[in-house]
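A structural walkthrough
Okay, here's what each chain looks like letter by letter:
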Amino acid sequence: MPRRIRPRVISSISVKDFAELFGDALKLQLVAGESGLKTHIRELSINRPSLAVAGYFKRFGYKRIQVFGAGEMAYLRDLSEARQAEIIHQIAQMRIPCMVVSRHLAPTPLMRKVADEYRIPLFRTPLNTRIFTSIATVLLERQMAPEINEHGTLLDVKGIGTLIRGRSGVGKSECALSLIERGYSLVADDVVYIRLISEVELLGTSSELNRGYMECRGLGIINIAELFGVRCVRLDKRIDLVITFVDWTPGTDEERTGLEQDYYEILGVNVPHIELLVRPGRDLARLVEVAAMVQALKLMGHDSAREFNERLIAHMKKAR
């Protein structure tokens, strides 16, 4: 079985990269502090400096992006110029990564001056504060989420993100091809990039280079979108089930009841895991399809194996 690549963790992102990656989505316009674009954002959360604007700095989230909404801007404009300068200098001295003024409001001249003086990028956006905060948090979380690579093929089968693993040449791509023929979607082939979102959800995707392509032994590289249609390719998918193909050998034990649930750990999250033995005559694509449907039922609260076991126990008690 291929070795895992060590997880990659991004602990920060520069303001410049943040603006380049998400500037269009967040409609950011840089208005001051351009010389500070190399400053790093080190926390995922977005901070509204309401208390800081009022002069209270205890537990101030200085590592976060500072968003000035309508309330903060109105309060600043009501202050005397001297008091406003004092407050903005205090905020700037905390070495915050950047400031964003929402609702297309204009930053005060003092904010622009201090931003240039302390080399703090100052942006404005037409988005309201709530929408900006929601979008920026999700984008930062995805960008800075822990990531690991897994050798395998990820598909969307009946709405269940199914990661198929196994040694090279065991038949993962051939199985995936059969499932795609049945109308299911390919997410990634060969190498699956997996990110941990919100510490509970595993999101799998492929690299941009090979997205929509698959290597099939004997055929070479094939373009799934051109052969089966664009609906058969997905950008990403949550991983709900891991299936490992294992070569069959005489005497190998197979799961017969399904009462024992095995798990496969990825980035600290346990994902339901099934081992399927590979031997001549087995329709692995059909087995993977049914495994995905069984997992979908379990997510809805229906466990066929346990339900049958309970019926069997009830029948035995009744027969006594």
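It should be noted that the structure appears before, not after, this text.
What comes next concerns the included structure. (Residues numbered from 1 in each chain as written. Predicted model: local features only at pLDDT ≥ 70, side-chain atom pairs only at ≥ 80, totals over all residues. Heavy atoms only, no water.)

So, on to the side chain of aspartate 303. Inspection of the secondary structure assignment puts aspartate 303 in the loop between α9 (284–299) and α10 (304–319). At 3.2 Å, the side chain of aspartate 303 and the backbone nitrogen of alanine 305 are in polar contact. (Helix = DSSP H or I, 4+ residues; strand = E, 2+ residues; numbered from the N terminus. Polar contact = N/O pair within 3.5 Å; in protein donor to acceptor, adjacent residues only side chain to side chain.)

Turning our eyes to something else, we now look at the packing of aromatic side chains. Each aromatic ring pair is characterised by the separation of its centres together with the angle its planes make. Counted by the stated rule, this structure contains two aromatic pairs. Taking the centre distance of 5.6 Å and the plane angle of 75° together, the rings of phenylalanine 18 and phenylalanine 22 count as edge-to-face. Residue phenylalanine 18 and its partner phenylalanine 22 are both found in helix α1 (residues 15–26); the two are separated by four residues, about one turn of the helix. Phenylalanine 22 shares its class with phenylalanine 18; the two are buried. (Phe/Tyr/Trp six-rings, centres within 6.5 Å; stacked < 30°, edge-to-face > 60°. Buried < 20%, exposed > 50% of the residue type's maximum accessible area, 1.4 Å probe, protein only.)

With 12 residues, α1 extends just 13 Å between its outermost C-alpha atoms, more than 12% less than the 16 Å of an ideal straight helix rising 1.5 Å per residue. Taken together, the buried positions of α1 are Val15, Phe18, Phe22, Gly23 and Leu26. In a view along the axis of α1, the buried residues occupy a sector of 150°, so they form one face of it. Every exposed residue of α1 that faces more than 90 degrees away from the buried side is listed here: Glu20 and Asp24. Of the surrounding elements, those touching the buried residues of α1 are β1 (13–14), β3 (40–41), β5 (65–68), β7 (122–124) and α6 (129–144). A positive backbone phi angle near 55° is found at lysine 27, which sits one or two residues after α1. (Expected span 1.5 Å × (residues − 1). Arc of directions from axis to C-beta. Contact = heavy atoms within 4.5 Å.)

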